[in-house]
Every structure is written in structure tokens, then in C-alpha cells.
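# Chain and residue survey
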Amino acid sequence: MDSTLLLEDAYQRTVRLAHDRLQQPSADLRGLGGSHDERRSGVRSSVLESWNRSLNRLRDPAGARVRVAYEAEQLAEMRRRHPFHSIMPLLRSHLIEPAKDAGLLAALGDEQGRLLWVEGERSVRDRAETMGFIPGTDWSEEVMGTSAPGLALQSRKAVQISQAEHFAPDVHSWSCSAVPVTHPLTGQVLGIIDVTGGDDAVSSIVLPLLASTAKAAGAQLSQLYTPQRVLRSDAEAAGCELIVFGPEPALRGPDGRQISLTRRHAEILLLLHRFPDGISGSGLVERLWPVGGSEVSVRAEINRLRRAIDGIDGLHIDARPYRLRGRLSSDLERTSEALAQGDVDTALGQYRGPVLPDSDAPGVREIGAEVDAHMRETLLQDGTWQQLWRYADLPDFRDDVEVLMTVLRLAPPEAVERNAAVVRLEALGC
């Protein structure tokens, strides 16, 4: 059916009457479909088929309840693992920003219909939250019945669902379009991309936008995921991981083995990780000691560090200049990348407070100040009240008056977090 016909009053009246029958005991959908000429006389066959499947699973529309599949920490990890994470700049420029400019939401979900990212203007995101259209929730057909994300995955086709075509009554004020994204090598469905909002979400330009984005995503993924990369083990893909947020720095190897690091060793690894082309001995002196220090001290610390990480496969330190060899990631790196992509939930999932809080090394303090400022600025400018509260609940930021005031301004009156913010502000004398 042409997208303009989906929103015609006559068609929507037909759909609403048909949907009313879904809520009756022993609902019978026979006779509700239309003729083959655009199905103007009844509900579209693809929608009826989805309604039937939804009735079989959920019994009635009231059974379609939003279910949280990924809590905050698991959501951050699932985002990091998903192929969409590696092409977020493309998805942002091709889909997310155009949708946001049009007052619509752009959603990215995994192959099971679980939403990983939902982005758009704050006011639209807040309204969508009332129907449970938020990151971490399950919008598969099995859970929510008929919707564009769920039906796109079930049919492996581009889908548009308008207003009362949704199985769940709470979604009838919304419309959505979605397209599955497939793996460039295997053809396997990786997930879905979706545009949700008012009538404009099923306009004639939305499906071409989604289709072109899916095509561009596949092309870029084909460059990133060569057969060799697809076949290599998770351990090889992960490499080593440096943990520098919080007071207990550590290094984790590809096999999962983790060793604790002294503050000085963590500082050196962080600096070498930050400068992949290497740092001279004098450069490390400047970045490690506020005053004093010497290249002799640097050599001694590097030797001790080499012995400490000797059991970690695939990682070693060269000299002249000092340089890390091997694949190394860090919680700091993932936080910075997520913030650069506007992915606040993933950033918060990694961020646990200041970088090496006991360190007085000038180079470390500079790195830490940079990410702290970026995190706080991003939250104050575009964070949800839930994200701001997660930040304010970290031990180092409980007394941030501006953040607490923003929570107070954005949170609904019934939110317990709002009351907690009031109590904390009163204790601070505000």
C-alpha cells in the first residue's frame, strides 16, 4: 500500500474497528482483509498476519507489555559488541541526524528486536518513554506484537506500520518504518534500523532513507569485517584491556586473566596507550612527575612493568622510544569513543569516576580532566534525567549542584530520584 494511503482517515477507521475486534474473546480476523487493489477496503494482509501471530502468542493486545531485556551495564556491553558500534559515524550522518532534524526518533536494534540506541530530540524521547520505546527494551513481535521493528525482523523486509496497525494500544499515536540490516558476507540479519514518530515517520521519503542507510552500512561493514576478522576468536578480537577508572587499576589479558597494577605502572600504560607512536624517556619524565623525576627512574619503572605484565600474552614494551606493542583497549578509550558518537549510555556504562584518582602525574591529570569535562558537558547539554542521576550517583559527583538542579528540572514529579535530588540539594544548603 502506498504510504499516503496508510494515513487516510477511511483506512485508519477501518483499522481501528478491526483492532477493536482483537480485544474481544475468541477474536476472529476473517473478513477483515481487503481486495488486492491496494487493500483499500480492509486491513493490509501483512498486518493481519502479524496480528494473528500476535494473538497466538499474547492472547490479546493487553498482553503486549514492554519488557526490559538489557539493564544499563549489559546494554553498554551489548552495544560495544554489536557491529553497529563500529559504524556509528555513518549511521549518525545517514540516519540519526536527518531523523532528529525532522523531529523523529532513530532507533537501532539487534537481531532479536532489542533496542540498543534510541536517539532524537529530548522532548520526543521523553514522549516515547511513556510507551517504553527506550534503549534496552524488547520490541520483537513475540513481545510487543505488530510494530515496524518486530515485523521487519520477522519478514526480513522493509516495513511501515501506521497508528492503529500496531498491536499494542499504547502505541496507536505513533507510526514507524524499519528495515533489517544484513551481514555483508553471510546474509545473516544483524539488526534493524527504525524511524519512529508521528505521521512523518511513514512518509514516502523514510523508506528510501532507511534503505540507503542499510546499503551504506553493509558496504562499510564489508570493509571492516573481512573473512579473516569474522573467523578469528573473541579473545583475539578483544586483545588486552586496561582499566583506569576508579582506584583499582588493572590489566586484563585476552584469556581473561587479570593482574592488579600499581599506580605508577597504570600511569605508564595509560600514557603509552594514549600515544601509540611512542614517548621518549624525557617525555615520560615530564608526564609522570610534577617535579623531579629522571630518565633513570623511568627505565627502572619500565623494567618493573615489563616483569609485571610478562604473563599477559600479546603485549610488550619497546624502547627508544617507549612504545606498546600488541592490541590494547581501555575503559577510557571506549568512554571517549562513545561520547564522540553521542552514545551517553555506553559512556556511562564504562565511566566510574575520575581516571586514576590518586595520581598526581601531570599527563594523567590532563587526560582525566579532558574526559571528565567531556562527560559532564555532554550530560548537561543532552543527557536524560536518568543519565544525569546515574552520573550524580557516582561518589565523586554527588555534590555537583548544577547536575542535581538539572535532574530536578527534568525528572517527573513522581520520580523518587527527583525527591532524592531535593534532599541532597537541601543538605548542600541550596
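Structure first, text after, so check above.
From a predicted model like this one, the values you see are computed outputs, not experimental measurements.

Rules used throughout
- Residues numbered from 1 in each chain as written.
- Predicted model: local features only at pLDDT ≥ 70, side-chain atom pairs only at ≥ 80, totals over all residues.
- Heavy atoms only, no water.
- Helix = DSSP H or I, 4+ residues; strand = E, 2+ residues; numbered from the N terminus.
- Contact = heavy atoms within 4.5 Å.
- Areas by Shrake-Rupley, 256 points an atom, 1.4 Å probe, with all protein chains shown as cover.
- Lys, Arg positive; Asp, Glu negative; His and termini not counted.
- Charge placed at Lys NZ, Arg CZ, Asp CG, Glu CD.
- Pairing = 2+ DSSP bridges.
- Axes fitted to C-alpha atoms, helices over the stretch in contact; angles between N-to-C directions.
- Salt bridge = Lys/Arg side-chain N within 4 Å of Asp/Glu carboxyl O.
- Buried < 20%, exposed > 50% of the residue type's maximum accessible area, 1.4 Å probe, protein only.
- Core = buried A, V, L, I, M, F, W, Y, C linked by side-chain atoms within 4.5 Å.
- Parallel < 35°, antiparallel > 145°, perpendicular 65-115°, else oblique.
- Left-handed = near helix turned anticlockwise from the far one by under 90°.
- Nonpolar A, V, L, I, M, F, W, Y, C, P; charged D, E, K, R; others polar.
- Polar contact = N/O pair within 3.5 Å; in protein donor to acceptor, adjacent residues only side chain to side chain.

With that settled, consider the overall build of the protein chain. When helices and strands are tallied, the protein chain shows 20 helices and 13 strands. Considering only contacts in the protein chain between residues 6 or more positions apart, those separated by 24 or more positions represent 62%. Approximately 20100 Å² of the protein chain is accessible, and the part contributed by carbon and sulfur atoms is 48%. Each charge class in the protein chain was averaged separately, 49 positive and 61 negative side chains, and the resulting centres sit 4 Å apart.

Spatially, S10-S9-S8-S13 is the arrangement adopted by the four strands of the open sheet, whose pairing is mixed. Only two strands of the sheet have a single neighbouring strand rather than two, namely strand S10 (258-260) and strand S13 (328-330). On average, each strand axis in the sheet is tilted by 20° relative to the strand beside it, whichever way the strands run. Packing of helix H15 (residues 331-340) onto the sheet brings it into contact with strand S8 (240-243) and S13, and relative to S13 it is tilted by some 65°.

Let us now look at the pattern of salt bridges. Within this structure, the stated rule accounts for 24 salt bridges. Linking Glu-301 and Arg-304 is a salt bridge whose minimum nitrogen-to-oxygen distance equals 3.3 Å. Taken together, the residues span about one helical turn, with Glu-301 and Arg-304 both in helix H14 (residues 295-308) at a distance of three residues. Classification of Glu-301 by relative accessible area gives buried; the value is 16%. Judged by its relative accessible area of 39%, Arg-304 is partly exposed. A single network of salt bridges, built from pairs that share partners, joins Arg-53, Arg-57, Glu-141 and Glu-142.

Another aspect to go through is the environment of Ile-367. If you trace the backbone, Ile-367 turns up in helix H17 (residues 362-382). According to the relative accessible area criterion, Ile-367 is buried, its value standing at 5%. A sequence separation of 13 residues divides Ile-367 from Pro-354, and the C-alpha atoms of the two residues are 10.0 Å apart. Other than its neighbours up to four places away in sequence, Ile-367 contacts Leu-270, Leu-271, Arg-274 and Leu-332.

Okay, unusual backbone geometry next. The omega torsion of the bond from Arg-320 to Pro-321 falls at -5°, within 30 degrees of zero and hence cis. Not every positive phi belongs to a glycine, and Arg-59 is a case in point at roughly 75°. Looking at where Arg-59 falls in the secondary structure, it is placed in the loop between helix H3 (45-58) and strand S1 (67-68). One non-glycine residue with positive phi stands out, namely Gln-163, at about 45°. In this structure, Gln-163 sits in the loop between strand S5 (159-162) and strand S6 (175-182). Residue class for Gln-163 comes out buried when judged on its relative accessible area of 18%.

Here we come to the nonpolar core. Membership of the largest hydrophobic core comes to 58 residues, with the highest contact counts inside it found for Leu-251, Leu-270 and Val-355. Sorting elements by how many residues they give to this core places helix H12 (residues 263-274) first, with six residues. Residues contacting Val-355, with those up to four places away along its chain left out, are Val-244, Phe-245, Leu-270, Leu-332, Val-364, Arg-365, Gly-368 and Val-371. Val-15, Trp-139, Met-144 and Cys-176 belong to the second largest nonpolar core, which has 38 residues in total.

As a packed pair, helix H18 (residues 385-392) and helix H19 (residues 401-410) sit with axes 9 Å apart at the nearest point and diverge in direction by 150°. Judged by the inter-axis angle, H18 sits roughly antiparallel to H19. Remark: the crossing between H18 and H19 carries left-handed chirality. Listed contacts from H19 to Trp-385, Leu-388, Trp-389, Tyr-391 and Ala-392 of H18 are Val-403, Leu-404, Thr-406, Val-407 and Leu-410. In the contact of H18 with H19, the residues fall into nine nonpolar, one polar and no charged.

Here we take up the pairing of strand S3 (residues 115-119). Along S3, five of the five residues are buried, which leaves the element largely enclosed by surrounding structure. In terms of strand pairing, strand S2 (residues 105-110) meets S3 through four bridges, oriented antiparallel. Following the sheet pairing, Gly-109 is matched in S3 by Leu-115. From the end of S2 to the start of S3, which pair antiparallel, there are four residues, and Gly-113 there has a positive phi angle of about 85°.

Right, let's talk about the side chain of Arg-79 for a bit. Looking at the secondary structure, you find Arg-79 in helix H4 (residues 72-81). Judged by relative accessible area, which is 2%, Arg-79 ranks as buried. Of the polar contacts made by the side chain of Arg-79, one reaches the side chain of Asp-343; its length is 2.6 Å. Beyond its immediate stretch of four places on either side in the chain, Arg-79 contacts His-85, Leu-116, Trp-117, Pro-135, Asp-343, Asp-345 and Thr-346.

No statement about biological role is implied by the geometric values presented.
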